[in-house]
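A closer look at the structure
Below are the chains, spelled out letter by letter.
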Amino acid sequence: MVKRSKVRVLIAKPGLDGHDRGAKVIARALRDAGFEVIYTGIRQTPEQIAESVVQEDIDVLGLSILSGAHMVLIPKILKLLGEKGIKANEDVLVLAGGIIPPDDAQELEKMGVGRVFGPGSPIEEIIGFIDETVPKLKKFRGES
Amino acid sequence: MINELIERMLKGDKRATARLITLVENDEEKAREIVKKIYSNTGRAYIIGITGPPGSGKSTLVDKLIKKARDEGNIVGVIAIDPTSPFTGGALLGDRIRMQRHSTDPGVFIRSMATRGSLGGLAKATNDAIKILDAYGCDIIFVETVGVGQIEVDIVKTADTVVLVTVPGLGDDIQAIKAGLMEIADIFVVNKADKEGAEATMFELELMLDLEKDKWQKSGWRPPVVSTIAFTNKGVDELWGAINEHMEFLLNSDKIEEKRKFRVGEEIKAIVSSKIARKIGEKMGEDDIAVLIEMIAKREIDPYSAADLVLEKALGVKV
Ligand code: B12
Ligand SMILES: Nc1nc2c(ncn2[C@@H]2O[C@H](COP(=O)(O)OP(=O)(O)OP(=O)(O)O)[C@@H](O)[C@H]2O)c(=O)[nH]1
Ligand SMILES: [Mg+2]
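Residues numbered from 1 in each chain as written. Chains lettered and ligands numbered in written order. Predicted model: local features only at pLDDT ≥ 70, side-chain atom pairs only at ≥ 80, totals over all residues. Heavy atoms only, no water.

Digging into the packing of aromatic side chains
Residues and elements named next belong to chain B. Under the convention used in this document: We call Phe, Tyr and Trp rings a pair once their centres come within 6.5 Å, taking the six-membered ring for Trp, and we label the pair stacked below 30 degrees between planes, edge-to-face above 60, and tilted otherwise. Helix numbering and strand numbering both begin at the N terminus, where a helix is a DSSP run of H or I of at least 4 residues and a strand a DSSP run of E of at least 2. Summary of the burial criterion: residues with accessible area below 20% of their type's maximum are buried, those above 50% are exposed, and those between are partly exposed, where the area comes from a 1.4 Å probe applied to protein chains only.
Tallied over the full model, the rule gives three aromatic pairs over all chains. With centroids separated by 5.9 Å and ring planes inclined at 65°, the aromatic side chains of Phe-109 and Tyr-136 adopt a geometry described as edge-to-face. Remark: Tyr-136 occurs in helix H5 (residues 126-136) and Phe-109 occurs in strand S4 (residues 108-114); sequence separation between them is 27 residues. On the basis of relative accessible area, Tyr-136 is assigned to the buried category, the value being 13%. Between Trp-221 and Phe-249 the ring centres are 5.4 Å apart and the planes differ by 35°, which places this aromatic pair in the tilted class. Of this pair, Trp-221 sits in the loop between helix H8 (213-219) and strand S8 (225-227) while Phe-249 sits in helix H9 (residues 236-251), and the two are 28 residues apart along the sequence. The exposure class assigned to Phe-249 is partly exposed, which follows from its relative accessible area of 22%.

Below, the structure is given as structure tokens:
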């Protein structure tokens, strides 16, 4: 397992919704589990998020969206990351949470989101998924 | 890999710069290699330290100061430090949230950093990260320390100008600040001047500075006290003016050389102690230490003599 304190996580809320409880709950829970968590808060543009991913050299990007705009915002973020040479599932693990219907979740997972975690997701499951997936990233395989 | 990253960094590639900072944070061997290779490209940036108690408004002020520095055409770097939990190893880095409007500005690079066990208000890798941002091309680098009490004063070994941000109503805490933090500040800020007691705090600080007349008469710099309301931008022009004045004061005298030599001296000391600590870890197993602890517990040997034995074994010389 990769040491959690060397795994950098960015939790951001793209778009205009102000529902930040879930994002804060997740940010604190991941800190308490031993990760380094950067919280950038609400009303982030996809451009701001993509730039923060670059400058902070993070490993896990956690997006929290309860506004219904996930099918616009998440693909936009993935596209911007791609333009910067950052590939989902290879360079960074992208997770999403909030109010996202199952069909959309499936679609997003096809586009490169590692997994979507809806309301009531047990935090242990989220942590377990990160522990399991992060070692597969290029950075931790020592390739880049 | 490191050579390629450095090459890209020197051309202004932010992703390569960010990767290099991660490497100096995670890997001591690589840090050494990177610093060796970029050192000749460093020494250009001016470093401004922002320190003060938790929640005093450091990040909000840095946000405003980035704007001032950018308006004058500077390339700006920020290293913002928050504490790592000693119990879980985790950290919640929340400084960036106040500066996010600058994250898409190509002339700004913001990096959050966790202390990872360092106690002086900075992280162990902060100095190396500064060198990377310096080589990358930053003209000005702001370093925001963790929220400090009175003993976390490592920033004085890192910054050219140290700004201490306090707030009204700390009451007796001002007395406490006096002990450690007061001595390292080049500029005092009383932020949250919209709150009650700001004037009293200003007055108290001025009074304290007047009492230390001998000290600043010798140094030639009387620290100014500036009052600000960070989120309305009030007083920020004055603060930026004070920072510039201090910068000129240092640059127009041999003080800057003095400061930088002091810093390099401190850096060598820190590297030496960290190397010795590592060497001891390599040469002495937990078992060896356990044997000594047992001996001390039985009063067969005293702690000083035990320490001598450890050093002798690790370094191969009597110390
Ligand atoms: C509390 C709440 C509010 C509060 C928000 C307070 C705050 N600061 O967060 C207030 C009252 C302000 C509010 C306002 C509004 N709300 Co509201 N609100 C809710 C409510 C009831 C609960 C949300 C919540 O906090 N849940 C608790 C947290 C802990 O859960 P969570 O966010 O889902 O997070 C969990 C998971 O999703 C996941 N997760 C979340 N993010 C992430 C990120 C990562 C990386 C990971 C791994 C996991 C993860 O893990 C968390 C823990 O399990 C929901 C209904 C609901 N049942 O969800 C509606 C809801 C979200 N609101 C809604 C709406 C429409 C609004 C308003 C537009 C107006 C209105 N009708 O009330 C305004 C808009 C405000 C704004 N500026 O955006 C709708 C959204 C509809 C949609 N998306 O299609 C909902 C779904 C209600 C509904 N059924 O209509 N709301
Ligand atoms: N009333 C008032 N509040 C302010 C002022 N400046 C900042 N704040 C608020 O104080 C809180 C803390 O501000 P930060 O800038 O995060 O403080 P900080 O010193 O960086 O905090 P740490 O990094 O956690 O130590 C925020 O809620 C700010 O909005 C001010 O001038 N007046
Ligand atoms: Mg701060």
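Concerning the site of ligand 2
Residue and element names in this part refer to chain B. The following threshold applies: Definition of nearness: a residue and a molecule or strand are near each other if at least one heavy atom of the residue lies within 4 Å of the molecule or strand. A 3.5 Å cut-off defines polar contacts: any pair of N or O atoms within that distance qualifies, except that in protein one atom must be a possible hydrogen donor and the other a possible acceptor, and neighbouring residues in sequence count only when both atoms are side-chain atoms. Here the open area of atoms and residues is found with the Shrake-Rupley method and a 1.4 Å probe, where only the protein chains shown may cover a residue. The distinction between a cavity and a pocket rests on a 1 Å grid over the protein atoms alone: a 1.4 Å probe fits inside a cavity but cannot get out, while a pocket stays open yet meets protein on both sides within 12 Å along at least five of seven lines, and a residue with an atom within 4 Å of a point counts as lining. Should more than half of a molecule's atoms lie within 2 Å of a pocket's or cavity's grid points, that molecule is taken to sit in it.
Near ligand 2, the surroundings consist of 18 residues, among which Lys-58, Ser-59, Thr-60, Arg-98 and Asp-194 are the closest. Glu-144 places a polar side-chain atom, nitrogen or oxygen, 3.1 Å from an oxygen atom of ligand 2. Between ligand 2 and Asn-191 there is a distance of 3.1 Å, counted from a nitrogen atom to a side-chain nitrogen or oxygen. Alone, ligand 2 offers 650 Å² of accessible surface; in the complex the protein occludes 79% of this. Of all the cavities here, the one that holds ligand 2 is the second largest pocket.

Comments concerning the coordination of the magnesium ion (ligand 3)
Residues and elements named next belong to chain B. Basically, it comes down to this: Note: metal donors comprise N, O and S atoms at 2.8 Å or less from the metal (3.2 Å for Na, K and Ca); water molecules are not included, so apparent gaps in a site are possible.
Protein coordination of the magnesium ion (ligand 3) is provided by Ser-59 (OG), Asp-95 (OD) and Glu-144 (OE), with donor distances spanning 2.0 to 2.1 Å. Sequence positions of the donors to the magnesium ion (ligand 3) reduce to the motif S-x35-D-x48-E. Highlighted residues: Ser-59 in helix H4 (residues 58-71) and Asp-95 in the loop between strand S3 (91-93) and S4, separated in sequence by 36 residues. On the accessibility criterion, Ser-59 (7% relative accessible area) is buried.

Comments concerning the domain arrangement of chain B
Cut-off, in case you're wondering: All domain edges in this entry derive from an automatic or database-based domain assignment.
Per the domain assignment, the segments of chain B are domain 1 (41-252) and domain 2 (268-315). Distance between the C-alpha centres of domain 1 of chain B and domain 2 of chain B: 38 Å.

Section: the site of ligand 1
Residue and element names in this part refer to chain A. Filter applied, for reference: When residues are grouped by polarity, Ala, Val, Leu, Ile, Met, Phe, Trp, Tyr, Cys and Pro land in nonpolar, Asp, Glu, Lys and Arg in charged, and all others, Gly among them, in polar.
In the vicinity of ligand 1 there are 22 residues, among which Gly-18, His-19, Asp-20, Ser-64 and Leu-66 approach most closely. Within the contact set of ligand 1, an oxygen atom lies 3.0 Å away from a backbone nitrogen or oxygen of Gly-98. Here Pro-119 contributes a backbone N or O atom positioned 3.4 Å from an oxygen atom of ligand 1. Breaking the shell around ligand 1 down by element, the ones donating at least two residues are helix H1 (21-32), strand S3 (60-65) and strand S4 (93-98). Grouping the constituent residues of the shell around ligand 1 by class yields seven nonpolar, 12 polar and three charged.

Some details on a positive patch on the surface
Residues and elements named next belong to chain B. Spelled out, the test is: Only residues whose relative accessible area exceeds 30% and that form no salt bridge enter a patch; like-charged residues are grouped when within 9 Å of one another, and nonpolar side chains (Val, Leu, Ile, Met, Phe, Trp, Tyr) when within 5 Å. Every case where a carboxyl oxygen of Asp or Glu lies within 4 Å of a side-chain nitrogen of Lys or Arg is listed as a salt bridge. Charge counting treats Lys and Arg as positive and Asp and Glu as negative, with His and both chain ends excluded. Charge coordinates come from a single atom per side chain, which is NZ of Lys, CZ of Arg, CG of Asp or CD of Glu.
Together, Arg-32, Lys-36, Lys-275, Lys-279 and Lys-283 line one region of the surface with positive charge. Secondary structure elements with two or more residues in the positive patch: helix H3 (28-38) and helix H10 (255-283). Ranked by residues supplied to the positive patch, first place goes to H10 with three residues. Relative to the assigned elements, Lys-283 resides in helix H10. According to the relative accessible area criterion, Lys-283 is partly exposed, its value standing at 44%.

Brief notes about the coordination of the cobalt atom of ligand 1
There is one protein donor for the cobalt atom of ligand 1, and it is His-19 of chain A (NE2), at 2.1 Å. By secondary structure assignment, the location of His-19 of chain A is in the loop between strand S1 (8-14) and H1.

What to know about the interface of chain B and chain A
As a reminder of what qualifies: Residue contacts follow a heavy-atom distance rule, with two residues in contact if any of their heavy atoms lie within 4.5 Å. The term buried area refers to how much accessible surface (probe radius 1.4 Å) is lost by two components on association, counted for both of them together.
Chain B puts 27 residues into the contact, and the matching count from chain A is 30 residues. Summing the contributions of chain B and of chain A, the shared interface buries around 2500 Å²; its carbon and sulfur component is 49%. When the buried surface of chain B facing chain A is broken down by residue, Arg-15, Arg-19 and Leu-92 of chain B rank first, second and third, together holding 24% of it. The interface formed by chain B and chain A contains five salt bridges. Put simply, Arg-8 of chain A and Glu-25 of chain B hold a salt bridge, and the shortest N to O gap is 3.9 Å. Joining chain B to chain A, the criterion identifies 20 residue pairs in polar contact (both at pLDDT 80 or more). Of all the elements in the fold, those that place two or more residues in the side of chain B that touches chain A are helix H2 (14-26), S3 and S4 of chain B. Broken down by element, the side of chain B that touches chain A gets its largest block of residues, seven residues, from H2 of chain B. Across the side of chain B that touches chain A, the residue classes tally to 10 nonpolar, nine polar and eight charged.

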